[in-house]
Amino acid sequence: DALPISRTLRSVIVKSSFKNQPTGLTRRRLVATLPALLGISGLAFAQEPTAMEKIKARGVLKVAVYKDNAPYSSGPTSDTQGVDVSLAKALAAKLNLQLALLPFDAGENMNDDLRNMVWKGHYLGYGPADVMIHVPVDRYLMNENKQVLIFGSYVREHLVVLHNTTKIARVDNPEDLQGKTIAVEKGSGAASALMGYRGGLLRDKISIFKDGVDAAKMVISGQFEAAFVSRAQAESAVHAASDKGHWGLSSVSLPGVMPAGWPLGFAVKADNKELATALDNALTALRQSGDLLKIFQSHGLTLAAP
């Protein structure tokens, strides 16, 4: 295969060649004969297809989604389900592409996930994808990861206290949970904030569960009095319950917890703005048609404006 020629090298060759050429040889003619002078194929000068052109030629949109992230994406790799999966299918269809899911395990932090699934790929050879879903649209995260483009907020997530209103009428502040059994998700910011509140005021009554949906189900089953989880996790547990009544979702203010929640969106490689624009337009179309709302409603979730 012909080797690419740098812009600088090409300029040097052109300038030195002019010194020994007849005055009738124009720059245009010289550049046209440059491949022959270098003994390489003219194909070396063919423009490299853009990332979006490669995706269209492939006919497949590769989308990275988290494993064990119910209700957004969970289940076996061969049958991952959830809101993000449904959204990925709808976006791929809008782009006239087939969908290929790349479910992955969360890394130590979001920077690891963006590196492994968006701009570089995992060292074990998995990824990268064309786009990653469920990325916080956060300015600090953007500044920390210049290799990616984060955009396309599709929902705003919040932390809530799920409780049975017949047992706890309302929760206005963390003190209202004192003495109550509380379920939280392992490794979550919600767990850390609640356990550290006022030097551990609530710590003795807090129990850790594998994920937020499991924690919420402890309230639904009556085994716990409250769960501090994301709104989506709480609503997913309520949606799956046979008893649809008496469940309250209350917001509380805690140090280190964003009171306004956080928007979720997409991430692509920084130089693939064409794909970002196409996905943004597809998301807008899904929102305007009501299809995005239907996706959330089908999973029993509220579509909170980002």
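Because the structure is predicted, anything quoted here is derived from the model rather than measured.

J.: How should I be thinking about the nonpolar core in this particular structure?
T.: Formed by 34 residues in total, the largest nonpolar core has its most connected members in Leu61, Tyr154, Phe266 and Leu279. Only helix H3 (51-58), strand S1 (60-66), helix H4 (83-94), strand S3 (131-136), strand S4 (148-157), strand S10 (262-269), helix H10 (273-289) and helix H11 (291-298) provide two or more residues apiece to this core. Ranked by the residues each element gives to this core, the list is headed by H10, at seven residues. If sequence neighbours within four positions are ignored, Phe266 has contacts with Leu87, Leu91, Val131, Met132, Ile133, Val135, Leu149, Ile150, Phe151, Gly152, Tyr154 and Leu283. With 19 residues, the next largest nonpolar core counts Leu177, Val184, Leu194 and Leu202 among its residues.

J.: Please explain the layout of surface pockets as it appears in this structure.
T.: Unfilled space is identified by rolling a water-sized probe across the atoms. Approximately 1500 Å³ is the volume found for the largest pocket. Secondary-structure elements contributing two or more residues to the lining of the largest pocket are helix H5 (110-119), S3, helix H6 (139-144), S4, helix H7 (189-196), strand S8 (226-230) and S10. Taken together, the residues of the lining of the largest pocket sort by class into 19 nonpolar, 13 polar and 13 charged.

J.: Would you mind going over the side chain of Asn145 with me for this structure?
T.: Looking at the element boundaries, Asn145 is found in the loop between H6 and S4. The exposure class of Asn145 is buried, given its relative accessible area of 4%. There is a polar contact of 2.7 Å between the side chain of Asn145 and the side chain of Asn111. Side-chain polar atoms of Asn145 contact the backbone oxygen of Leu141, separated by 2.9 Å.

So, how was this worked out
Residues numbered from 1 in each chain as written. Predicted model: local features only at pLDDT ≥ 70, side-chain atom pairs only at ≥ 80, totals over all residues. Heavy atoms only, no water. Core = buried A, V, L, I, M, F, W, Y, C linked by side-chain atoms within 4.5 Å. Buried < 20%, exposed > 50% of the residue type's maximum accessible area, 1.4 Å probe, protein only. Helix = DSSP H or I, 4+ residues; strand = E, 2+ residues; numbered from the N terminus. Contact = heavy atoms within 4.5 Å. 1 Å grid on protein atoms, 1.4 Å probe; cavity = no way out; pocket = protein on both sides within 12 Å on 5 of 7 lines; lining within 4 Å. Points joined across faces, edges and corners; volume = space filled by probe spheres on them. Nonpolar A, V, L, I, M, F, W, Y, C, P; charged D, E, K, R; others polar. Polar contact = N/O pair within 3.5 Å; in protein donor to acceptor, adjacent residues only side chain to side chain.

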